[in-house]
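Residues per chain are reported as follows:
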Amino acid sequence: MIGGFSKEAILHEVLIAPRAVLMPRCDTQIIERPGWWQIVTPSITDGGMNEVGCDELPEEHCDEIITQTIALYRQLGLQFRWMLGPRTKPTDLAERLARHGLQRSESFAMACATADVTAELSPAITTESVSLANVDDFTQLMAEGWQTSAAPLDDLHRQMLSDPAGRYQLMVARHDGRLGAAAGYMALERSAYLVGAVTLPSSRGLGLYRALVHARLRHAQERGLVLATTIARAETSAPILTRLGFKTVCAVPVFQLRLGSESVGSE
């Protein structure tokens, strides 16, 4: 139990609930049916907003569906990721995705009570909320950090900040006044879902990521949200979050298609 939530409830908050507050672009298609959730966004070609979340595929049509799905993204020239949950069927779906040429990386669904995370931060670090007045700084940092185009991100971030319900909180962190990291979270009905953290290479190792985790959780706590969740990469953010007090709920294998190279790669 974390923050009074059962494991099943936490799994719902981290794997399913964020879908309801997805901020689509004007060309985003959401394809949803029992056991299947997919987003296709032609204007973002290098991985963002193109994703498959799958709980169950029919055994007799599994490989056909995988082939058709990969072909769709290839035809549109889009990189995408396919995320698996803890009870995905058929049970060998991960092996099937690998045989179809998608490369696996490891992530974890993680959670903590927002009141439980504390961090000792350098006085040289400051964090600030993003508004329409300084969204350009946020977008440029995100584009540089993720090595992607700023134009579609600019539209998306402005949409988020204009949301009348205020469900999207974006933040930046500075060290000695120099902008070095950015992140956000989505305010769900019962929890905060942490997303999009990136630290520029020149600012790594200074504690900016930890500062943004702390700032987002304090902000969420002030909104009355007692649980925070995220999908964390095993080799980067997950160890930091563990040291801060996050607990691993389940493994989330991620399979990615990257175009423009001889083989599929992972982030």
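Just above sits the structure.
Residues numbered from 1 in each chain as written. Predicted model: local features only at pLDDT ≥ 70, side-chain atom pairs only at ≥ 80, totals over all residues. Heavy atoms only, no water.

Q: Before we go on, may I ask you to explain the packing of aromatic side chains in this structure?
A: Aromatic rings considered in pairs are described by the distance between their centres and by the relative angle of their planes. Taken as a whole and judged by the stated rule, the model has two aromatic pairs. Measuring from ring centre to ring centre gives 5.4 Å for W36 and W82, while their planes differ by 85°; the resulting arrangement is edge-to-face. With W36 in strand β2 (residues 36-40) and W82 in strand β4 (residues 79-89), this residue pair connects regions lying 46 residues apart in the sequence. The class of W36 is buried, set by a relative accessible area of 4%. Measuring from centroid to centroid gives 4.1 Å for Y73 and F80, while their planes differ by 10°, and the two rings are stacked. No difference in accessibility class separates Y73 from F80, as the two residues are buried. (Phe/Tyr/Trp six-rings, centres within 6.5 Å; stacked < 30°, edge-to-face > 60°. Helix = DSSP H or I, 4+ residues; strand = E, 2+ residues; numbered from the N terminus. Buried < 20%, exposed > 50% of the residue type's maximum accessible area, 1.4 Å probe, protein only.)

Q: Please explain the environment of V52 as it appears in this structure.
A: Relative to the helices and strands, V52 is located in strand β3 (residues 46-56). A relative accessible area of 0% places V52 in the buried class. The spatial distance from the C-alpha of V52 to the C-alpha of V254 is 9.9 Å, given a sequence separation of 202 residues. If near-sequence neighbours (up to four positions away) are discounted, V52 is found in contact with W36, W37, Q38, T69, Y73, F80, R81, W82 and M83. (Contact = heavy atoms within 4.5 Å.)

Q: Would you take a moment to explain the pattern of salt bridges for this structure?
A: In a structure, side chains of opposite charge can pair up when their charged atoms sit close to one another. Per the stated rule, a full pass over the model turns up twelve salt bridges. A salt bridge links R96 to E59, with the shortest nitrogen-to-oxygen separation between them at 2.5 Å. Here R96, found in helix α3 (residues 93-99), pairs with E59, found in the loop between β3 and α2 (62-76); they are 37 residues apart in sequence, far enough to count as distant. For R96, a relative accessible area of 7% translates into the label buried. Accessibility expressed as a relative area gives 48% for E59, which makes it partly exposed. Across the salt bridge formed by D92 and R96, the nearest N and O atoms sit 2.9 Å from each other. (Salt bridge = Lys/Arg side-chain N within 4 Å of Asp/Glu carboxyl O.)

Q: For this particular structure, what's the right way to read the packing of helix α6 (residues 208-222) against helix α7 (residues 237-244)?
A: Packed helices, taken two at a time, are described by the angle between their axes plus the distance between the axes. Contact pair α6 / α7: the axes reach a minimum separation of 11 Å and the direction vectors enclose 55°. When the axes of α6 and α7 are compared, the pair comes out oblique. Handedness of the crossing formed by α6 with α7: right-handed. Taking contact as the criterion, the partners of Y209, R210 and V213 in α6 are, on α7, S237, I240, L241 and L244. Taken together, the residues that form the contact of α6 with α7 break down as five nonpolar, one polar and one charged. (Axes fitted to C-alpha atoms, helices over the stretch in contact; angles between N-to-C directions. Parallel < 35°, antiparallel > 145°, perpendicular 65-115°, else oblique. Left-handed = near helix turned anticlockwise from the far one by under 90°. Nonpolar A, V, L, I, M, F, W, Y, C, P; charged D, E, K, R; others polar.)

Q: Can you help me understand the packing of helix α4 (residues 135-146) against helix α5 (residues 150-161) in this one?
A: As a packed pair, α4 and α5 sit with axes 9 Å apart at the nearest point and diverge in direction by 135°. Classified by the interaxial angle, the pair formed by α4 and α5 is oblique. Of the two elements, α4 crosses α5, and the hand of that crossing is right-handed. Facing α4, whose interface residues are V135, D136, F138, T139, Q140, M142 and A143, α5 presents A150, L153, D154, H157, R158 and L161. Classifying every residue of the contact of α4 with α5 gives seven nonpolar, three polar and three charged.

Everything listed is a geometric property; what it means functionally is a separate question.
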